[in-house]
Amino acid sequence: MGIKSSLKGRFSGVMGRNGWMRLGVLILVITAGTDAFSQSGNKLKVTGKIIDGASNAPLGYASIRLFKSADSSFVSGAITDETGGFIVDIAAGSYYALSEFIGYKPQFTPGIRLTAANSPLDLGTIKVAASAKTLDEVTVQAEKSSMELSLDKKIFNVGKDLANAGGTAVDILTNVPSVAVDVEGNVSLRGSGNVRILIDGKPSGLVSIKGASGLAQLQGSMIDRVEIITNPSARYEAEGMGGVINIVLKKERKEGFNGSFDIITGHPTNFGGAANVNYRRKNLNFFINYTMSYRNTPGKNFVYQELFRNDSTFIMERDMKSNLKGMANSARGGIDYYFNAKNVLTGAYTWRTSKGKRFSTLNYRDYLSSLDNMTSYTYRTQDETETEPNSEYALTYKKTFNRKGQEFTADVRYLDNWEDSDQYYRENVYKPDGSPSGIPPLLQRAVNYETEKQLLFQVDYIHPFGKDGKIEAGARSSSRDMTNDYTVTQQNSDGGWITLPGLTNDFLYEENINAAYGMIGNKTGKFSYQGGVRAEWTGVTTTLKQTNEVNDRKYANFFPSVHVTYDFAKQNAFQLSYSRRVRRPQYNDLTPFATYSDNRNYWSGNPDLNPEFTNAFELGHIKYMSKGSLTSSVYYRHTNGKITSIRRVQDDGSSYTRPENLGTEDAYGAEFTSSFTPYQWWKLDASANFFRAITDGTGLDEQFKSDTYSLFVRAMSRITLWKTTDVQLRGNYEAPQQTPQGRRKALATLDLAATRDILKNNGTLTLSVIDVFNSRRYRSITEGANFYARNSSQGRLRQINLTLNYRLHQAKKKPKESLEGEF
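Position labels on residues start from 1 in each chain and follow its written sequence. Whole-chain, interface and lining totals are the exception, using all residues; otherwise, since this is a predicted model, local features are given only for residues with pLDDT of at least 70 and side-chain atom pairs are given and counted only at 80 or more. Computation of side-chain values: all heavy atoms of the structure, hydrogens and water removed.

From N to C terminus, the protein chain includes 5 helices and 44 strands. When a residue's accessible area, from a 1.4 Å probe over protein chains only, is under 20% of the maximum for its type it is buried; when over 50% it is exposed; and in between it is partly exposed. For the protein chain, the residues scored as buried account for 56% of the 823 residues in total. A sequence separation of at least 24 residues applies to 68% of the contacts in the protein chain between residues at least 6 apart. Entry remark: accessible area of the protein chain is about 33700 Å², with carbon and sulfur atoms responsible for 57%. Here a helix means four or more residues in a row that DSSP labels H or I, a strand means two or more in a row labelled E, and each is numbered from the N terminus. The criterion used for residue contact is that any of the two residues' heavy atoms lie within 4.5 Å. Note on areas: Shrake-Rupley, 1.4 Å probe, and residue coverage restricted to the protein chains presented here.

Bringing the pattern of salt bridges into the picture now. The working definition used for a salt bridge is a side-chain nitrogen of Lys or Arg within 4 Å of a carboxyl oxygen of Asp or Glu. One pass over the structure, following the stated rule, counts 32 salt bridges. Across the pair Asp552 and Lys554 runs a salt bridge whose closest N-O atoms are separated by 3.3 Å. Judged by relative accessible area, Asp552 falls into the partly exposed class, the value being 46%. Through salt bridges with shared partners, a single ionic network connects Glu239, Arg534, Glu536 and Arg584.

A residue's pLDDT is simply how confident the predictor is in it, with values from 0 to 100. In this model, the protein chain carries an average pLDDT of 81, and 83% of its residues clear a pLDDT of 70 or more. Confidence drops under a pLDDT of 50 for residues 131-145, and excluding neighbours within four residues, the segment shows 44 contacts in the predicted structure.

What follows deals with a nonpolar patch on the surface. For patches, a residue must show more than 30% relative accessible area and have no salt bridge; joins then use 9 Å for like charges and 5 Å for nonpolar side chains, namely Val, Leu, Ile, Met, Phe, Trp and Tyr. Taken together, Phe257, Tyr279, Phe286, Ile335, Tyr337 and Phe339 make up a surface patch of nonpolar side chains, about 540 Å² in accessible area. Structurally, the position occupied by Tyr279 is in strand 16 (residues 270-281).

Within strand 4 (residues 85-90), 6 of the 6 residues are buried, which leaves the element mostly enclosed by the surrounding structure. A two-sided burial pattern is seen for strand 4, the buried positions comprising Gly85, Ile87 and Asp89 on one face and Phe86, Val88 and Ile90 on the other. In this structure, strand 1 (residues 44-52) lies alongside strand 4, joined through 6 bridges in antiparallel fashion. For Val46, the partnering residue across the bridge sits in strand 4 and is Val88. A pair of strands is treated as paired once DSSP finds two or more bridges between them.

So, on to the sheet that holds strand 3 (residues 74-79). An order of 3-2-5-6 is seen for the 4 strands of this open sheet, with the pairing classed as antiparallel. Every other strand in the sheet has two partners, leaving strand 3 and strand 6 (107-114) as the edge strands with one partner each. Averaged over all neighbouring strand pairs, the angle between strand axes comes to 25°, with direction disregarded. Relative to strand 5 (residues 93-100), strand 2 (residues 63-68) is paired through 6 bridges, and the arrangement is antiparallel. For helices, the fitted line uses only the C-alpha atoms of the stretch in contact; every axis is such a line through C-alpha atoms, and the angle between N-to-C directions lies from 0 to 180 degrees.

Glancing now at unusual backbone geometry. Going from Ser119 to Pro120, the amide bond is cis rather than trans, its omega being 0°. With respect to the helices and strands, the residue Pro120 is situated in the loop between strand 6 and strand 7 (121-128). With an omega dihedral of -5°, the bond running from His267 to Pro268 counts as a cis peptide bond. Topologically, Pro268 is positioned in the loop between strand 15 (256-267) and strand 16. The phi angle at Asp311 is positive, at roughly 65°, despite the residue not being glycine. Among the structural elements, Asp311 can be located in the loop between strand 17 (284-309) and strand 18 (312-340). With a phi angle near 65°, Asp771 is a residue other than glycine that sits in the positive phi range. By secondary structure assignment, the location of Asp771 is in the loop between strand 41 (763-770) and strand 42 (778-784).

In this fold, Arg581 is placed in strand 28 (residues 572-583). One buried charged residue, Arg581, remains without a salt bridge, the closest side chain of opposite sign being Glu536 at 7.2 Å. Separated by 2.7 Å, the side chain of Arg581 and the backbone oxygen of Glu239 make a polar contact. Positive charges come from Lys and Arg alone, negative charges from Asp and Glu alone, with His and the N- and C-terminal ends not counted. Polar contact is defined as a pair of N or O atoms within 3.5 Å, subject to the rule that within protein one atom must be able to donate a hydrogen and the other to accept it, and that residues adjacent in sequence are counted only when both atoms are side-chain atoms.

Rendered as structure tokens:
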């Protein structure tokens, strides 16, 4: 009874002192709890390491919990670090321990007697064995929380958010706390669009040519979790003012043949399949992930614009409707070779390709002075065929040493991506009554061919010293070459094609970044500290071949970081941190080619764009409770050379939008994130981010300034109605914001999902409705000296998905306590 009954009061997401010491998310809650002071004086330590019983590989993020031997009540616990090590702070007494990791048998360690004389008590190496079923004598529900909180980062387990089933990486990021994704797929964190997106901790071709919008090609079934790091240390690239978003893909390492499979169907059209498979025998582990999807993604956009010229008002309304139909395939495979327990070599290859067909209709209505006086009507179509293959090669070596925490890692990877787009545009102009205007029809063609090749080397070394100290050092070298051959032509009256001036060129982008970093950290009493500096040498050259315009930039920068943690007791910790960050203009920011699908509203990059630099400060707090955890933070960012999209309207009514360097931005904010389980059958996650941003771009234009207050709120409630059936509601709200040229209106959405375990708990059927009320519309108002514009965009309509997941030789889900059992 002891173990079984005690686990029903499951304490999910417990983090020990080690997790609090790692880095970053800085949090302030004034409810630290006075009991922390009264309990901190008599704490002793239990240490150890959790490893894979077959390979002896360390298991990072495994959990260990200590229970009183007398009554099986939970007392304290910890999460292992990357080396598998843990430290549990606990009072003297008699305990037993339970070590757990997803996909492994829980390991029971009895007879732990802790006294002041034997503290710290080393439990040694705890080996856990992979299993397709749980031990009979210990009943455990092997289920991660949807959200795991620590001071250095927040981890969001994708599979535990039911509404993610059948979606893409963009859909998943849309519902991560403090993350916002606009209609174009641009990602922002805490209101900042300058965020570094990594996949498995490294750059990826998915977020190169197309930026973050390329994540739409990554099917959500391949993703294990998303990590949010809001104030990274010198260990990380300096890129990303708002922080780092790391998307971790699924990878199994269990013995034998294991796998999971997904079949997806949905409306609008969403058909797909996925397989995540591994085979492990002794020192070899083979893994492969494959996804296939076919989607029809409808979208719509409306623009209303007033142009003021010569005491007259020219009004334009534009309705746009689009359908993007496409097939995407992705395969990722690799081998882990364990030379021995301390040396592993991993080789991996990823291949992705997508072929899409986009058809859009644009209806322009032109008026003079008022909507009662139409002057013309224009009908334009876009017919695009696009192919996007990309390949990634990776080789990683990791060596651990006899001393706990000492390790060396080397990584080399090569990215090879390209995109081929062929677009035809047809345009006809009519009189207000619908009769021909006499203006000849237009037939235009835009051909765009882009390539990217990147080579990356990275080495990292960690050397522990003393009791709690460690030195870290590393180096990184990245070389990237990108090309863009862009041509726009128009058919003339005799059937020939002529090149449109100013819209044809070859753009070359060459980037070389070399970096080195060093960090030192230690602990004195209740204080932990970590300081470091990263040096980066950057060279970027852009060339417009046909006009021979060359822009060559070279600069070197230092990026210091400091993190200080004060540990009150096992329930509370505070952390203060500082880091310097940079946003370098990327390929899409610099390419001068304008989009041509809408020949009255153009978007392009800016070859003269400079990098922006940010100093970021955070103060944070984390509190663990028996039924959940709470993090909170206050933060401040000061940015020089703020990059913002600026819209300008010409006298003919056409608009041009491109990024510009403004003056400064000062951003202040407070963020709260909580995961709470009031009952075994009811789980709650919630987050709120309130911030103020003051932007001053008056050096560029007196009108380019704003002072905005805004709020992001996300909440999720999941209830187990019956032992194999869950229902989930998820809501998001983004408050209005002021921008340097106007304002963005509020956005609110609600998602609904239900899941049921079937096929003897080897399968799970999930029904999800994304954006139940079809309210995910991005609305904005932009104003300038000679214009007023209103925009409403909906890049994705309400989506209904039905997903079947089948698990082969994986742990079956244990039937859960349900709401039904409460009555």
